[in-house]
Amino acid sequence: MKYASCIGVVVMFCFLMACDNGEGTPQVRALLTVNLNANFMESAKDKWILATSETGEVLDVKRLTEATTSQMLETTRPVSTFDLTIISVYDVPSAYTFYSIET
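This structure is a prediction, so every number in the text was calculated from the model and none was measured. Residue numbers run consecutively from 1 along every chain, following the written order of its sequence. Owing to the predicted nature of the model, reporting of local features is limited to residues with pLDDT of at least 70; listing and counting of side-chain atom pairs is limited to 80 or more, with chain, interface and lining totals taken over all residues. Based on all heavy atoms of the structure, the side-chain values leave hydrogens and waters out of the count.

## Things to note about the sheet that holds strand β5 (residues 83-92)
1) Next: Strands sit in the order β3-β2-β5-β6 across an open sheet of four strands; the sheet is antiparallel. Looking at the sheet topology across the chains shown, the edges are occupied by β3 (58-64) and β6 (96-102). Averaged over all pairs of adjacent strands, the angle between strand axes in this sheet comes to 20 degrees, irrespective of strand direction.
2) Next: Pairing between two strands is assigned when DSSP locates at least 2 bridges connecting them. Put simply, DSSP H or I for four residues or longer makes a helix, DSSP E for two residues or longer makes a strand, and each gets a number counted from the N terminus. Bridge count for β5 against β6 is seven bridges, and the pairing is antiparallel. Across the sheet, the residue bridging to D91 is T97, located in β6. Fitted lines through C-alpha atoms serve as axes, helices being fitted only where they are in contact, and the angles separating the N-to-C directions of these axes extend from 0 to 180 degrees.

## A closer look at the pairing of strand β2 (residues 46-52)
1) Next: The rule is simple: take the accessible area with a 1.4 Å probe, protein chains only, and divide by the maximum for that residue type; under 20% is buried, over 50% is exposed, in between is partly exposed. Where burial is concerned, most of β2 is hidden: six out of the seven residues are buried.
2) Next: Bridge analysis of β2 against β5 gives seven bridges, and the strand direction is antiparallel. Directly across from K47, in β5, lies its bridge partner S88.
3) Next: One ladder, built from six bridges, connects β2 with β3; its direction is antiparallel. Directly across from I49, in β3, lies its bridge partner K62.
4) Next: Adjacent in sequence and paired antiparallel, β2 and β3 are bridged by five residues, among which G56 carries a positive phi angle near 95 degrees.

What follows is the structure in structure tokens.
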């Protein structure tokens, strides 16, 4: 019975090796590092930063918080240019929710 777990590990290892398509793990590329000042969140309830390709494909999305001082946007896709979008969510008391989108 003590060899059953070893056999299971060997079978699992062989299965994982068979699944390898030879491409390996995609390389992560840094797009941009965003450094934020202390009052970046202002009165926003929520903030998100998005990087998209020229065709509109989302490359990376990060949520920003008051504790965020720096955030790195990354992708596994090769790109020469990208668009940066910041989405801010503000609550107006007893009225509505306001969204601000900056590109």
